[in-house]
Each structure stands twice: as structure tokens, then as C-alpha cells.
Amino acid sequence: MSRRRAAVKRDVLPDSRYNDKVVTKTINALMVDGKKSLSESIFYSAMDLIKEKTGKEGYDVFKQAMENIKPQVEVRSRRIGGATYQVPTEVRLERQQTLALRWLKAFTRARKEYGMVEKLAAELTAAANNEGATMKKKEDTYRMAEANRAFAHYKY
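Described below are features of the structure shown in this document. Given the structure is predicted, the values throughout are model-derived calculations rather than measurements.

## A few points about the overall build of the chain
Part 1 of the reasoning: Helices and strands together make up the secondary structure of the chain, namely 6 helices and 2 strands.
Part 2 of the reasoning: Listed N to C, the secondary structure of the chain is α-α-α-β-β-α-α-α in terms of helices and strands.
Part 3 of the reasoning: Projected onto the principal axes, the alpha-carbon positions of the chain cover approximately 55 × 40 × 25 Å.
Part 4 of the reasoning: Every one of the 156 residues in the chain was classed for burial, and the buried ones make up 35%.
Part 5 of the reasoning: Within the chain, residue pairs in contact and separated by at least 24 positions form 60% of the contacts whose partners lie at least 6 positions apart.
Part 6 of the reasoning: Total accessible area computed for the chain in this model is approximately 10200 Å², and 50% of it derives from carbon and sulfur atoms.
Part 7 of the reasoning: Positive and negative side-chain charges in the chain, numbering 32 and 20 respectively, have mean positions lying 10 Å apart.

What follows is the structure, given as C-alpha cells:
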């Protein structure tokens, strides 16, 4: 961490179809080797596939999935007197979004379906229904925070 000054937060432009910055951040998270147009086509195709399979609007499923994935609490390591404690802390809104996108990307890539479009559509649909690997990660995080609630007085 730099001691000089805080890093400048760069604002992303909203995407062309839904006019939403979270969608742009998701597309950027999915991007590999700077191939943004490919990442965009994967995301929008996944939205179309969700609409085709579930009958619901893909964008609405995406928003619901993001709301379900975002963690409210997490554990952070805190060293006190030679011992390291896992201290549960509340998560800022920006970090909630970042963690949600990070988990979504990781568990989408780990799925067994063929093709990234099918993987993303399946993971978003599962997350919107409070299922899937991404939701399991959030629940595990909550479980860790609950187990270490005794150390909550060691706030940051």
C-alpha cells in the first residue's frame, strides 16, 4: 500500500445496451487479454439465453443475482499480541460489488457447461435463485463471520 496518496478511482462509462455501469464492470471482469468486444458479446448472449430459458428479462435476472451475491460482512485478519484473529467486519458498498464480480467470474469459469455463454447464464440464473457456487461462497463467508463473532470487538 502506497504511503504517498490514495489511488485515483476511475469511473467507467455505462454500457450501450442497458446504460448501466455494473454491466460494464462485469464485462470488464470477464474480459481476457483485452478482448472487450468478445467479452461484450459473451455477456449479451448470456442475457439473451437467460431470457430464452427462464422467460424473465436477462437484465432483471442479472440485477437480482448481483443483489443476492453481494456480501454484507466478511472476515479480515487482525494481528494482536502475536495471535492472528479473523475479525468480522462490515463491507463497504464498493467492495461488495467488487467481491461479487470476482466470485461470479471465478465460479462461472469453474462450471462444467460448454462455452462461456452457457456458463455465465447458468451461474447468473442460479445466483438469482439463491443457489450455485457463488452463493455458497457468500454463505461460507457469512459462516466464518458468525463463527468469529467473539472477536468483533477487535474492530479495524
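## Section: the layout of surface pockets
Part 1 of the reasoning: The calculated volume of the largest pocket comes to roughly 380 Å³.
Part 2 of the reasoning: Along the walls of the largest pocket sit K9, R10, D11, V12, K25, A29, E94, Q97, T98, L101, R102 and K105, which together make up its complete lining.
Part 3 of the reasoning: Those elements that provide at least two residues to the lining of the largest pocket are α1 (21–30) and α4 (93–109).
Part 4 of the reasoning: The dominant element in the lining of the largest pocket, judged by the number of residues it contributes, is α4, at 6 residues.
Part 5 of the reasoning: The residue inventory of the lining of the largest pocket, partitioned by class, reads 3 nonpolar, 2 polar and 7 charged.
Part 6 of the reasoning: Lining the second largest pocket are 10 residues, and of these V73, P88, A145, E146 and R149 lie nearest its centre.
Part 7 of the reasoning: Those elements that provide at least two residues to the lining of the second largest pocket are β2 (83–90) and α6 (132–147).
Part 8 of the reasoning: Residue composition of the lining of the second largest pocket, grouped by class: 5 nonpolar, 1 polar and 4 charged.

## Things to note about α1
Part 1 of the reasoning: For α1, the set of buried residues is V22, V23, T24, T26, I27 and L30.
Part 2 of the reasoning: The inward-facing, buried residues of α1 contact α2 (36–54), α3 (58–69), α4 and α5 (116–128).
Part 3 of the reasoning: Sitting at the amino-terminal end of α1 is D20, which places a side-chain oxygen 3.2 Å from the backbone nitrogen of V22.

## A look at the pairing of strand β1 (residues 73–80)
Part 1 of the reasoning: Sheet topology places β1 next to β2; 8 bridges connect them, and they run antiparallel. By the bridge assignment, R76 is partnered in β2 with V87.
Part 2 of the reasoning: Between β1 and the antiparallel strand that follows it, β2, lie 2 residues; G81 among them carries a positive phi value of about 55°.

## Brief notes about the nonpolar core
Part 1 of the reasoning: Judged by nonpolar contacts, the single largest core of 30 residues is most densely connected at F43, F62 and L124.
Part 2 of the reasoning: Those elements that provide at least two residues to this core are α1, α2, α3, α4 and α5.
Part 3 of the reasoning: Excluding residues that lie within four positions of it along the chain, L124 makes contacts with M47, I50, V61, F62, A65 and L104.

Rules behind the numbers
Residues numbered from 1 in each chain as written. Predicted model: local features only at pLDDT ≥ 70, side-chain atom pairs only at ≥ 80, totals over all residues. Heavy atoms only, no water. Helix = DSSP H or I, 4+ residues; strand = E, 2+ residues; numbered from the N terminus. Buried < 20%, exposed > 50% of the residue type's maximum accessible area, 1.4 Å probe, protein only. Contact = heavy atoms within 4.5 Å. Areas by Shrake-Rupley, 256 points an atom, 1.4 Å probe, with all protein chains shown as cover. Lys, Arg positive; Asp, Glu negative; His and termini not counted. Charge placed at Lys NZ, Arg CZ, Asp CG, Glu CD. 1 Å grid on protein atoms, 1.4 Å probe; cavity = no way out; pocket = protein on both sides within 12 Å on 5 of 7 lines; lining within 4 Å. Points joined across faces, edges and corners; volume = space filled by probe spheres on them. Nonpolar A, V, L, I, M, F, W, Y, C, P; charged D, E, K, R; others polar. Polar contact = N/O pair within 3.5 Å; in protein donor to acceptor, adjacent residues only side chain to side chain. Pairing = 2+ DSSP bridges. Core = buried A, V, L, I, M, F, W, Y, C linked by side-chain atoms within 4.5 Å.

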